[in-house]
Amino acid sequence: DGDFIYYCKIKNGRCQKICVGCHFNDKLLYDGDRYHKDDTVFMCEVRPDKYQHKPVGCVVHDAKGKTVERIVGCKWYQQTRKSKVEQICVLENGKAVVKTLGCIFVHKGYNTLFLKPGTYTIWNQQIDGLAIGVICRVCFHFFKYQQTRKSKVEQICVLENGKAVVKTLGCIFVHKGYNTLFLKPGTYTIWNQQIDGLAIGVICRVCFHFFKFN
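Source: prediction; values computed, not measured.

S.K.: Can you help me understand the pattern of salt bridges in this one?
M.R.: Side chains that differ in sign of charge can pair as their charged atoms come close. Across all of its chains, the model carries six salt bridges by this definition. In this structure, Arg47 engages Asp31 in a salt bridge whose closest nitrogen and oxygen atoms are separated by 3.0 Å. Note that Arg47 is positioned in the loop between strand E5 (40-46) and strand E6 (51-61) and Asp31 in the loop between strand E3 (27-29) and strand E4 (34-37), a separation of 16 residues in sequence. Here Asp31 falls in the partly exposed class, since its relative accessible area comes to 42%. Here Arg47 makes a salt bridge to Glu45, at a shortest N to O gap of 3.8 Å. Look at the salt bridges and you will find they share partners, linking Asp31, Glu45, Arg47 and Lys54 into a network.

Dropping the structure here:
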């Protein structure tokens, strides 16, 4: 009968319909049997007072592509050479889904930075002579500055209309080796610090320019 299996039992001279199992994809399942549907692990649960197709875990794939069942509440890491992504299996709208708790940046074998999903930071520790920007997304990415002698342009890779595109977060004016000014794209400022006897105007565009006033 639909999603469940019943049989008729005579009790006190009356016929009763008793659930003894579940039905899925032309298969008969009994209490404790499991199956996969839409990346969720369901279990047939039959009790004297209730019966259901109970979501009990998430279907995930390890680095080798092998299918792994993670029970609800389980936490684990998806790992690459430079990062770990901490994930958990939770119940949501009657299904078990994978949620990302945060990203860990690994440097020289040590867990160095932890970021929540959708956040980023600038790590001032020098790597190959550059500061490094780290962002936490479900797919973990790192980004570096586009750099010239007098400027850095901070950029990020984001998803937009089904494509990965580069966005400029801001521009940094470098003076005597120090990060001196930060500007958002499309903004400018007048820096009153004298350079060669002149004030300096700085503007942030996708192509970063500096100009001096006469």
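S.K.: It is not clear to me how the pairing of E5 should be interpreted in this structure. Could you clarify?
M.R.: Looking along a regular strand, one sees the side chains alternate between the two faces of the sheet. Within E5, seven of the seven residues are buried, which leaves it mostly tucked inside the rest of the structure. Where burial is concerned, the two faces of E5 agree: the one with Thr40, Phe42, Cys44 and Val46 and the one with Val41, Met43 and Glu45 are both buried. In terms of strand pairing, E4 meets E5 through four bridges, oriented antiparallel. Paired with Arg34 across the strands is Met43, a residue of E5. Hairpin connection of E4 to E5: two residues between the antiparallel strands, including Asp38 at a positive phi of 50 degrees. Bridging between E5 and E6 involves seven bridges; their strand directions are antiparallel. Along E6, the bridge assignment pairs Cys44 with His53. Counted between consecutive antiparallel strands, the loop separating E5 from E6 contains four residues.

S.K.: Help me understand the nonpolar core in this model?
M.R.: If you look at the biggest cluster of nonpolar residues, it comprises nine residues: Val85, Cys103, Phe105, Leu113, Leu115, Trp123, Ile132, Val134 and Cys136. Sorting the residues of this core by element identifies strand E10 (95-107), strand E11 (110-115) and strand E13 (130-135) as the ones contributing at least two each.

S.K.: Sorry if this is basic, but what is going on with the confidence of the model for the chain here?
M.R.: Parts of the model with low pLDDT should not have their predicted coordinates read in detail. In this model, the chain carries a mean pLDDT of 78, and residues with pLDDT of at least 70 account for 79%. For the chain, per-element mean pLDDT is lowest for strand E21 (residues 209-212), which scores 33, and highest for E5, which scores 95. In this model residues 139-145 is a low-confidence stretch, pLDDT under 50, and it forms 32 contacts with partners more than four residues away in sequence or in other chains. In this model, residues 206-214 is a region of pLDDT below 50 whose contacts with residues beyond four sequence positions or in other chains number 26 contacts.

S.K.: Quick question: what am I supposed to make of the side chain of His53 here?
M.R.: Mapped onto the secondary structure, His53 falls in strand E6. On the basis of relative accessible area, His53 is assigned to the buried category, the value being 17%. From its side chain, His53 meets the backbone oxygen of Asp3 in a polar contact 2.8 Å long. A distance of 2.7 Å separates polar atoms of two side chains, one belonging to His53 and the other to Tyr35.

Calculation criteria
Residues numbered from 1 in each chain as written. Predicted model: local features only at pLDDT ≥ 70, side-chain atom pairs only at ≥ 80, totals over all residues. Heavy atoms only, no water. Salt bridge = Lys/Arg side-chain N within 4 Å of Asp/Glu carboxyl O. Helix = DSSP H or I, 4+ residues; strand = E, 2+ residues; numbered from the N terminus. Buried < 20%, exposed > 50% of the residue type's maximum accessible area, 1.4 Å probe, protein only. Pairing = 2+ DSSP bridges. Core = buried A, V, L, I, M, F, W, Y, C linked by side-chain atoms within 4.5 Å. pLDDT = per-residue confidence, 0-100. Contact = heavy atoms within 4.5 Å. Polar contact = N/O pair within 3.5 Å; in protein donor to acceptor, adjacent residues only side chain to side chain.

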